[in-house]
Amino acid sequence: MKKLVMIIAVGLAFLGEACRNDYLDLKPQDKITEAAYFKTPEQFKAATTDMYKKLLSWSGQDQMGNIFAFNGYGSDLCSNQSEGSEGGQGGYGRGNITVPAIDNYWNNVYEYIHTANLILEKADAYDGEMSEIKQYVAEAKFFRAWHYFFLLKRYGGVPIVTTALTIESPELYAPRNSRYEVTSQILKDLSDAIAELPLETAIPADEKGRVSKYGAEAFKARVELYEATWEKYVGTTTDGDGTSEGAGSAKPDGYPSIDVMLQDAAANAKDVMSSGSYELWNHNADLNNRSNFWLFTIDGTGSNPLGLDKSSNHEFVLQSVYDYTIRQSKVQITRNYWKLGFSRKMLDLFLCTDGLPVDKSPLFKGYHSVTDEFSNRDYRMISYILGADGTIPQPGSIDLTGGASYGNLKFTSWNFTVTSYRPDNTESPNYPQIRLAEVYLIYAEALYEKDGSISDEDLNSSINKVRARAGVAPLTNELASANGLDILHEIRRERALELYSEDNRFDDLKRWGIAEQELNKDVCGYVVGGESYPTEFKDASGEPTDLYDPSKYLNGEKEVQTGAGMLDALVISPAENRNFQRKNYLYPVPTSQINLNRKLTQNPGYN
Amino acid sequence: MKKNSKLGRFVHPHVRKLWLIMRITTFLLLAISLSLSASVYSQTTRLSLDYSNATIREVLRNIEDQSTFKFLLQDERINIDQRIDIQMDQADIYSILDKIFGDKSVSYTVTDKNLIIIKPLGSGKSNPVGQVKTVSGQVKDESGGPLPGVTVVIKGTTKGTITNSDGNFNITDVSSEDVLVFSFVGLKTQELPVGSKTVFNVTMEESSIGLSEVVAVGYGTQKRATLTGSVETIPAEKLESRAVTNPVLALQGATPGLVISRTSSRPGNENIDMQIRGASSISGNVQPLIVIDGVPMIDASQSTTSVKGNGNAFFDMNSDDIESISVLKDGMAAIYGSRAAGGVILVTTKRGKGKMKVDIGSTIRLNTMGIRTPSANMQEYAKMFLAANAEEPTPTWWFADKDVMEKLVQGESGFYPTAHWGTMYIGQGDRYTEMFQPRLSNQNNISVSGATDKTNFRISGAYANNQGNLATAYDGQKQYNLRLNYDYQITNGIKLTSNISYQKDKTSSPSGGLGFSLVSQDPPLFPAKNPYGQWLSNFHNAGNRNAAALTTDGGRDNKENDMIRVDLKTTIKLIKDLQFEGSASWQSNQYRRDLYKLKVPLYEWDGTPAAGALNNTPSISAESDNTFYQNYTALLRYTKVVGNHRFGIMTGLTAEHNQWKGLYAYREGITNNGVYDLNAVPLDKATSNNSGGQDQWGLYSYLARINYSFKDKYLLDVLGRSDGSSRFAAGSKVSNFYNVGVGWVLTNENFIKNLNLSFLDYMKLKGSVGETGLQSGIGTFDYYSVIDFSSVALGVSPAAVSSSSVHNNGLSMNPTTTWERVKMMNAGVEMHLFQNRLMGEFNYYKKQNDGMLINVTYPSVLGASAPKSNSGVLDVHGWEVSLNWQDKIGKVTYTIGANMSDSRNELKKYAGAETIAAGLVNDPGSSSGAWKVGYPVNSWFMYQTDGYFKDEADVDAYYNKYTSNNVGELSGYEPASGGNTYQGLRPGDTKKVDLDGNGYISALGNGTSDKGDVKFMGDAAKHYVFGLNFGAKFKGFDFTAFFQGQLQNYIQRSDALAYPFVVIYTNQNAAFLGKTWTQDNPNAEFPRMSVNNIRNRWNYQNNDFMLQNNKYIRLKSLIIGYTVPSQLTERVKIDKLRVYFSGNDLWEATTLKDGYDPEQGVSSNNSGYPFMRTWALGLNVSF
């Protein structure tokens, strides 16, 4: 008995030993391993598809806020200058930037770049026909360029990484590349991408949203215009020496000249414009001239009176796709855009229908009554401010007991308060990454910057299409010369108006080299007038009316240039509190990154 | 050997019989109660000797070493230096003594604790004087149960008997001058003079010494007296009569070094955390490994929303099933290798013994409300709003104007105009009275147990229903337990042991409304119902929160765990001294969660439907997962005594596998039709959601332990384990862990004995060095790079297009990454003083986690989180002390116990650059990743402040000094900075000190790690954690008071109610009322109250004065019991009847300034639920 038991016991022990590997050599049961992946075109497709989520839009990049940090809170055009509001950029326009320890906009973007690098490396090792995956390789390059451009705009030159790094990679401790080297890398990737990306017509309906050849061209045009004008107007003033501060001014061999970049920008824009795949969304006839309101709210057939859904939109050249059932914005689009009100400057930028500015147009009615300001103006004024309703404020309807200006309705959901068509966080319009209107404006600006002039023909084929939708007379060389208008200024005005709240204003001011100048002026609200200019808020004796409670306005009033001459307006943010400097053209590099890699130099002025 | 001149009489045949019975009883008792298949002690009852030409002295000494027998020679005439030959195998002590002394005419008497008194024949009192009679009686244990097997002898003789299975005994021919000696292993020996009595009813008390106590130490047991490690044992009585269902809650403060915390008293949602000897790693709190009846409990922690994480197998145990709990704190835990760094808790369940017995226990508890969140009521809220606007250049009447607030201060409800929502009814929104009431709970258990000489069994069942104080709906946990422990001795050498248990918990709560939204999120101005009895919409038509409505009608969150566990074990004696033990344990946990959220319409004050509703998107989700854990162990045990040397060797292997499988499904659109299941909701493919998941891990380990002792004086324990784990790549799977312990029992040294220190009964010095492992924070397959799948919306009519990404961009764990290893060192002293009345133990320990797994921070250019690597070092040290005094004053026996422990740590190495921030640094849970070497885990770095601005000039001077170049934090507080916000500093605001003198205020300094304006002010761990225990017994009464607390625990309150107006639109913390700066109160404790939340951040957050020392003492438990005298209960066949009062958390004192419960944790969100006090009445019946 004892022997038997012992044999069994020892036998069991050996048996146990034999199945040791059953306990130790285990594999993941609900995950495919990387080693078994990237073997089919579908897998490359899925991998690049994922990168569409990383585009900054409503829900933004992972853990990284969203577009509200970039849509222009705190700019010279915006009445909302408060700190810590949704945008988080309220202080930026005043030059109020602290050097952060950590900046997710640095961290996360390099993650996206890594993802693109990884896909490109896997593609190099792909066993099948390269033609099967060329679209996805092109997309990966496009996204890599897209994210480097984000870094370029924010920090200037940054370290360029084009391989999937590991913790042993020496690139981790490399110095910054200059902005010219970064630009060169972006342009190279985009050229490669453009060559292999499909035409818009080749992208099936259920894949719309994928980047087409024209999407890449439009983006390349944007990059080229940006960098050419930056070099032209800002030059090397933000570059630093590259050793003690900044990323330096080293230019790679064969770096394109400003003119070549502008030329190419115009050419790329032209290619998109003439592709036949895109057209401005213009339903003015049926939508009371408010295409510029409805375009941005298309969110299912219930989102506009015409029942137009996303298939009606051929204006967005590249867009982030949202959907009420499968991908809601998960942010309060409507509430956040409401707060993005208009500064005095913005309100006065809207032209009168004759194509002339308020200070020149005989059609402008002034500010005596709140109704006057809206007469004979650019449709975008009523689109953005009055939205679907379109009811011009009646006398007495505005009282100044705290509010400083009109709220914004661009991008806000129709009937938000009345029927809750799209409650908070469920609004799901597509986000326009690049739309045709911008391509038109790039074309006009690039040509003008290159040549110092632009033909009526070119104006008509670009900017005037945008103006036409806004109900504004075409910009012609004659109109300009007859009224003493500067065509470049008018093109820039058009950008401010058409692209309002679309992640452009700060970028534009900087690349034009005028950010200090424009941002450091008083930001004002309503014109309250005074003795010589009675309004609903001040009577002819200069006394506040019942509609106006000056004690609510800490910053008081100030006489500023308006469409009706020098008049008193409410001050939202006084010039003495605004100190945007040249150094603020670039954000500081987060200190934790400098601590980790001492070769990373801080941008000038932040040490 | 001591010698004594008293003589005795030889009564050989009686003694033989007595010993035979005793041996069996002892064997059974030990085997049963200790779940010990190869008990050292059980073998000592049969001895093997092999001597030729040895002196009797040597032989006796060897028997002493081999067993717990001691010999006392009562007469020098016995020649023990005589040489004899003796060869005996597995003989009992009497056969041996007969053989040794043979015809030497001696008698031997057994007394207290197996002391054998050897006397020459014919000596002693041969003819007792006085009346000769027969005495009888019954012996019981402390619980009132009959105690079989107790030795009853006439003192000075070997004449006696043992009690039968009913505890009864009967001795004839007893003189009235005799003294009866009652003895039993592990219990206090009693001597009672016979006198005129003929009936003796004796209650045996447990021995105070505890040295003979056998302690579970992992894969075996050891005698406490010869232990070299730091092991705490918590006997069953610590868990008895406690009005808690979860045994862990009864352990709070019970033993030094084990810190148990909870952040709520909501049944099933206590959020329990256990920590042995402080931090072990920066990977987070390392929980102890919990081993129940020798097998680690199932780890169901993969369940993401599991009710109680990985603890439920222990938390849901029936406390009444627990015989004892051992806590392995030092390197002794290394026998559990890679999971031992957090210490090990060994739970041993009760087994049947003695006569069949039924025990019934029942308690009914009243839970009342204790400390509540200090959120303001209507008057306080309005008062705070007025105060915060009083000094404000741009007052913000966010809610309603000043005159409205002034009315509210007066407590006047009514219709008022508001800022954004028109005119609305404002009244007292007191959710506490609306939603909370004292609630009854109950807990019941029954067990039937017993033993024969071949088997023993214990069957038990328990049911508990614990309810929190919520009055609007059920909020609580029901628990069900069944257990059968059954052992069967097949043959002399083969024994089967089985444990079968089933436990179930059902936690049911409202689907929401009990966190932040309960009392803290909204101003307290909205009554739950309108005059028509309809749920009121707060904020007029904009409101979508009403906790009373949501908890009542908003659906339920039901969570269940069903756990079944079967353990089978066999022990087989292979050859002399060698035993095989094989065991298998299968444990299965089924988790299920059903969460449904129903739409609750809301109404205006006037009864019209409101625009908003609660749970606007009604939904239901079901989650189910199953964990199956298998454990197989094969062990060999060998014990050998050679001369003065005693060896015990254990070696074996164990294999474990854990498999988890989960499912989740979600549908939208559930309606309140009484059926709450996924199937009751139409499937909408667009909004439905589901997921699966599987995971597994395995361990395959070899282990060994060697115990050696020389004369019970010099002790050595060596143990080791080689763990193979599936969590690491091939080549790195195996790691070895060990511990070496030494002990020195000074009181067994002759030179100490010779000092005749009458006060010193026992003293042991001990020390150990070991190394344990840690796998927390390591995923099951971190070394594989895997693909994550999701989808992206694309298309003109958007549809989900599948997408994939390489997890963490392919940066998976390096193949060479391996376990965290914690070196452990322990040095301790144990002492028993003053006739064992005072017992004390002190331990000092050091731990070093070398090669701590951390996420080394690389430059972000890397583009992914760096995989964990063994690149950190954490040093930990601490001490524990416990003192217990027990004595008697007259008929009152009393005990006083105290214990305290502390643990400190320091981050010694952390690869990557340091980053500093204001607030918590070295916070394992932080995403900001602020690290600083040289400081503890969770260090507080706070701004130093220098009071508050006196006047405008003071403010101006400050601005002039510290606003340079638009840098630093002050630049965010410029006066009148735009829009309508104005956050410029004013008199009454906080003056932060420029500690580094760089001309501006910043936590970060100028980008270098060693500068900045914050200073270290302590760490967030609990320090000087203590327990105080007072107990007394008098006749049938018993009393226990147990206090628990801590003397140092730095906290900064976080989230919405951390300080006034963290957020302007929430409710506020009323504890700050009257304590803030005003013109009239310039020396207030806190700075100015303000409605500007940005300035408030400057004024309060991370400032030195906001750090509180959360020192507290709490009356955890108060028990007063009365046992009805057995003379009364016997008549109704009841062995024992006890009634008691038991209270929990009835009183506390705390140094917290902001009004929170000291146990609540730092977040002020999710904190509306009041802590409860428990008042229970209980009953124990045994028959």
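Going by the structure above, here's the rest.
Residues numbered from 1 in each chain as written. Chains lettered and ligands numbered in written order. Predicted model: local features only at pLDDT ≥ 70, side-chain atom pairs only at ≥ 80, totals over all residues. Heavy atoms only, no water.

A. Representation of the overall build of chain B. In terms of helices and strands, chain B carries 15 helices and 57 strands. Split into buried and exposed, the 1183 residues of chain B put 60% on the buried side. Of all intrachain contacts in chain B linking residues separated by at least 6 positions in sequence, the fraction that spans at least 24 positions is 71%. If you sum the accessible surface of chain B, you get close to 43,800 Å²; carbon and sulfur atoms cover 54% of it. (Helix = DSSP H or I, 4+ residues; strand = E, 2+ residues; numbered from the N terminus. Buried < 20%, exposed > 50% of the residue type's maximum accessible area, 1.4 Å probe, protein only. Contact = heavy atoms within 4.5 Å. Areas by Shrake-Rupley, 256 points an atom, 1.4 Å probe, with all protein chains shown as cover.)

B. Inspection of the pairing of strand β47 (residues 939-943) of chain B at higher detail. Residue and element names in this part refer to chain B. Most of β47 sits out of view: five of its five residues are buried. Side-chain alternation along β47 places Ser939, Phe941 and Tyr943 on one buried face and Trp940 and Met942 on a second face that is also buried. With three bridges connecting them, strand β46 (residues 919-921) and β47 associate as antiparallel partners. Along β47, the bridge assignment pairs Val921 with Ser939. Summarising the sheet, β47 and strand β50 (residues 1014-1019) pair through four bridges and their orientation is antiparallel. Among the inter-strand pairings, Ser939 is bridged to a residue of β50, identified as Asp1019. (Pairing = 2+ DSSP bridges.)

C. Examining the side chain of Ser265 of chain B more closely. All names here are of chain B. By secondary structure assignment, the location of Ser265 is in the loop between β16 (258-261) and β17 (273-276). With relative accessibility at 6%, the residue Ser265 sits in the buried group. Residue contacts for Ser265: discarding those within four places in its chain leaves Glu270, Pro1170, Phe1171 and Met1172.

D. Structural detail: the sheet that holds strand β8 (residues 160-162) of chain B. Residues and elements named next belong to chain B. Taken in spatial order, the four strands line up as β8-β7-β10-β11 in an open sheet, and their pairing is antiparallel. Of all strands in the sheet, those with a lone pairing partner are β8 and β11 (190-193), marking the two edges. Here the average twist between neighbouring strands, direction ignored, is 20°. Inspection of the sheet shows strand β7 (residues 151-154) paired to β8 by three bridges, in the antiparallel sense. Looking at the pairing, Thr151 lines up with Ile162 of β8. (Axes fitted to C-alpha atoms, helices over the stretch in contact; angles between N-to-C directions.)

E. Spotlight on the interface of chain A and chain B. The interface of chain A with chain B comprises 89 residues on the first partner and 88 residues on the second. For the chain A and chain B pair, buried surface summed over both sides reaches about 7,300 Å², with 61% attributable to carbon and sulfur atoms. Among the residues chain A hides against chain B, the three largest losses belong to Tyr23, Leu26 and Gln29 of chain A. Together they make up 10% of the total. Inspection of the region where chain A meets chain B yields one salt bridge. Across the contact surface, chain A and chain B share 21 residue pairs in polar contact (both at pLDDT 80 or more). Tallied by class, residues from the side of chain A that touches chain B come to 36 nonpolar, 29 polar and 24 charged. (Buried area = accessible area lost by both parts, 1.4 Å probe. Salt bridge = Lys/Arg side-chain N within 4 Å of Asp/Glu carboxyl O. Polar contact = N/O pair within 3.5 Å; in protein donor to acceptor, adjacent residues only side chain to side chain. Nonpolar A, V, L, I, M, F, W, Y, C, P; charged D, E, K, R; others polar.)

F. Structural detail: helix α4 (residues 93-101) of chain B. Among all positions of α4 of chain B, only Ile93, Tyr94, Ile96, Leu97, Ile100 and Phe101 of chain B are buried. With its buried residues spanning 160° around the axis, α4 of chain B presents them on a single face. (Arc of directions from axis to C-beta.)

G. The pattern of salt bridges, seen in detail. Evaluated as defined, the whole model comprises 103 salt bridges over all chains. We note a salt bridge from Asp103 of chain A to Arg154 of chain A, for which the minimum N-O separation is 3.3 Å. Note that Asp103 of chain A is positioned in the loop between α3 (41-49) and α4 (104-124) and Arg154 of chain A in helix α5 (residues 134-155), a separation of 51 residues in sequence. Summarising the burial analysis for this pair, Asp103 of chain A and Arg154 of chain A share the class buried. Residue Arg266 of chain B is joined to Asp475 of chain B by a salt bridge in which the shortest nitrogen-to-oxygen separation is 2.8 Å. Remark: Asp475 of chain B occurs in the loop between β26 (455-467) and β27 (476-489) and Arg266 of chain B occurs in the loop between β16 and β17; sequence separation between them is 209 residues. When its relative accessible area of 14% is taken as the criterion, Arg266 of chain B is described as buried.

H. Quick peek at the packing of α5 of chain A against helix α7 (residues 213-233) of chain A. Residues and elements named next belong to chain A. The N-to-C vectors of α5 and α7 enclose an angle of 25°; their axes lie 11 Å apart at closest approach. The orientation of α5 with respect to α7, classified from their angle, is roughly parallel. For the pair α5 and α7, the crossing hand works out as left-handed. Residues Phe142, Ala145, Trp146, Phe149, Leu152 and Lys153 of α5 form the contact with α7, whose participating residues are Gly215, Ala216, Phe219, Arg222, Val223, Tyr226 and Glu227. (Parallel < 35°, antiparallel > 145°, perpendicular 65-115°, else oblique. Left-handed = near helix turned anticlockwise from the far one by under 90°.)

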